[in-house]
Amino acid sequence: MTGVAVIFFGPPGSGKGTQASRLSKEMNIPQISTGDLLRYHVSQGTELGKVAKPIMESGALVPDELVTQMLRERLAQPDAVLGALFDGYPRTVAQAESLDKILAETDKHVGVVLHVDVPDAVITERMLKRAQIEGRADDTPDAIANRLKVYREKTAPVARRYEASGVLATIDGDRPIEVVAADIKKVVEERTAAVA
Ligand code: AMP
């Protein structure tokens, strides 16, 4: 039996974290959010956290090799044997290549890549709202603009890679959470049943 990887892909503020968390409970496989893991390192003041902090605050990406090493360690935990939901990784083509290798080594395959699509104007509005509620250091107007730019330049090309291999499913994320969740559930059931 092989494990399944479900990848959530989309701009910051697309709601992919919320959706990944819901699906994680339904599928009973862990959500692995590199953003959350990095924020934990920052809060603990680890070496990685010290390097990551200013980069994250500017809205840029933490270097591939650091994030990939962190992800590799997380995926080696026993709860991820049967699979994992990836939230915020891969964010560059190099990370996608690393993920392919890591999945092959751990006997997992990409079941589906859920591209949660939301227009830029809606994203900016949502993130500014989140800034008021959560007070995240990277939800300032400048950092938001930079994160969107980084997404378009470095992360969007990753989607084309998955599209070419036929695993990409685009979900309209500009709808109520419940509606998006139902859509995601349907797509995941179809795609993962087909390859199980
Ligand atoms: P997120 O919570 O996924 O929006 O991530 C917050 C910040 O953490 C990003 O803006 C990046 O600075 C950093 N980060 C998270 N995941 C990655 C990744 N896969 N590669 C590089 N940087 C990342």
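Each remark here, short or long, concerns the structure printed above.
Residues numbered from 1 in each chain as written. Predicted model: local features only at pLDDT ≥ 70, side-chain atom pairs only at ≥ 80, totals over all residues. Heavy atoms only, no water.

### Brief notes about the overall build of the chain
Argument step 1. Scanning the chain from terminus to terminus reveals eight helices and five strands.
Argument step 2. For the chain, the sequential pattern of α-helices and β-strands runs β-α-β-α-α-α-β-α-β-α-α-β-α.
Argument step 3. Computed over C-alpha atoms, the radius of gyration of the chain comes to 16 Å, within 12% of the 16 Å expected from 2.2 N^0.38 for 196 residues, which places it in the range of a compact globule.
Argument step 4. Overall, the chain is about 45 × 40 × 30 Å in size when its C-alpha atoms are taken along their principal axes.
Argument step 5. With 196 residues in all, the chain has 44% of them scored as buried.
Argument step 6. Summed over its atoms, the accessible surface of the chain is roughly 9,800 Å², and 55% of this surface lies on carbon and sulfur atoms.
Argument step 7. Within the chain, one finds 25 positive and 28 negative side-chain charges whose respective centroids are separated by 1 Å. (Helix = DSSP H or I, 4+ residues; strand = E, 2+ residues; numbered from the N terminus. Rg over C-alpha atoms; globule rule 2.2 N^0.38 Å. Buried < 20%, exposed > 50% of the residue type's maximum accessible area, 1.4 Å probe, protein only. Areas by Shrake-Rupley, 256 points an atom, 1.4 Å probe, with all protein chains shown as cover. Lys, Arg positive; Asp, Glu negative; His and termini not counted. Charge placed at Lys NZ, Arg CZ, Asp CG, Glu CD.)

### Some words on the packing of aromatic side chains
Argument step 1. By the definition in use, this model includes one aromatic pair.
Argument step 2. Considering the side-chain rings of Phe 9 and Tyr 151, the 6.0 Å spacing of their centres and the 50° angle between planes classify their relative orientation as tilted. In this pair, Phe 9 sits in strand 1 (residues 3-9) while Tyr 151 sits in helix 7 (residues 141-164), placing the two residues 142 residues apart along the sequence. (Phe/Tyr/Trp six-rings, centres within 6.5 Å; stacked < 30°, edge-to-face > 60°.)

### Structural notes on the sheet that holds strand 1
Argument step 1. Read from one edge of the open sheet, five strands run 2-3-1-4-5, paired in parallel fashion. Only two strands of the sheet have a single partner each, and these edge strands are strand 2 (31-33) and strand 5 (168-172). Across the sheet, the axes of successive neighbouring strands diverge by a mean angle of 25°, strand direction being ignored.
Argument step 2. In this fold helix 2 (residues 34-44) packs onto strand 2 and strand 3 (83-87), with an angle of close to 60° to the strand it touches most, strand 2. (Pairing = 2+ DSSP bridges. Axes fitted to C-alpha atoms, helices over the stretch in contact; angles between N-to-C directions. Contact = heavy atoms within 4.5 Å.)

### Remarks on the site of the ligand
Argument step 1. Lining the immediate surroundings of the ligand are 16 residues, of which Thr 34, Arg 39, Ala 60, Gly 88 and Gln 95 lie closest.
Argument step 2. Ala 60 is positioned such that a nitrogen or oxygen atom in its backbone is 2.6 Å from an oxygen atom of the ligand.
Argument step 3. The contact in question runs from a nitrogen atom of the ligand to an N or O atom on the side chain of Gln 95, over 2.8 Å.
Argument step 4. In terms of residue count, the dominant contributor to the shell around the ligand is helix 2 (four residues). (Near = heavy atom within 4 Å. Polar contact = N/O pair within 3.5 Å; in protein donor to acceptor, adjacent residues only side chain to side chain.)

### Quick notes on the pairing of strand 4 (residues 108-117)
Argument step 1. In terms of residue burial, strand 4 counts as a mostly covered element, since eight of its 10 residues are buried.
Argument step 2. Examined bridge by bridge, strand 1 and strand 4 share seven bridges and lie parallel to one another. Bridging from a neighbouring strand, Val 4 pairs with His 109 of strand 4.
Argument step 3. In this structure, strand 4 lies alongside strand 5, joined through five bridges in parallel fashion. Paired with His 115 across the strands is Thr 170, a residue of strand 5.

### Concerning helix 7
Argument step 1. Between its terminal C-alpha atoms helix 7 stretches 34 Å, which fits the 34 Å expected from 24 residues at 1.5 Å a residue.
Argument step 2. Maximum bend of helix 7: about 40°, positioned at Arg 152.
Argument step 3. Every buried residue of helix 7 is accounted for by Ala 143, Ile 144, Arg 147, Leu 148, Val 150, Tyr 151, Thr 155, Val 158, Ala 159 and Tyr 162.
Argument step 4. Residues of helix 7 that are buried in the fold lie against strand 1, helix 3 (47-58), helix 5 (93-105), strand 4, helix 6 (120-134) and strand 5.
Argument step 5. Positive phi appears at Gly 166, one or two residues downstream of helix 7, with a value of about 80°. (Expected span 1.5 Å × (residues − 1). Bend = angle between axes of the 7 residues up to and from the residue.)

### Observations concerning the nonpolar core
Argument step 1. Within the largest apolar cluster, 30 residues are counted, with the highest numbers of intra-cluster contacts made by Leu 75, Phe 86, Leu 99, Val 113 and Tyr 162.
Argument step 2. Where this core is concerned, the elements lending two or more residues are strand 1, helix 3, helix 4 (64-75), strand 3, helix 5, strand 4 and helix 7.
Argument step 3. Residues contacting Val 113, with those up to four places away along its chain left out, are Ile 7, Phe 9, Tyr 162, Val 167, Leu 168 and Ala 169. (Core = buried A, V, L, I, M, F, W, Y, C linked by side-chain atoms within 4.5 Å.)

Scope: geometric values only; no functional claims are made or implied.
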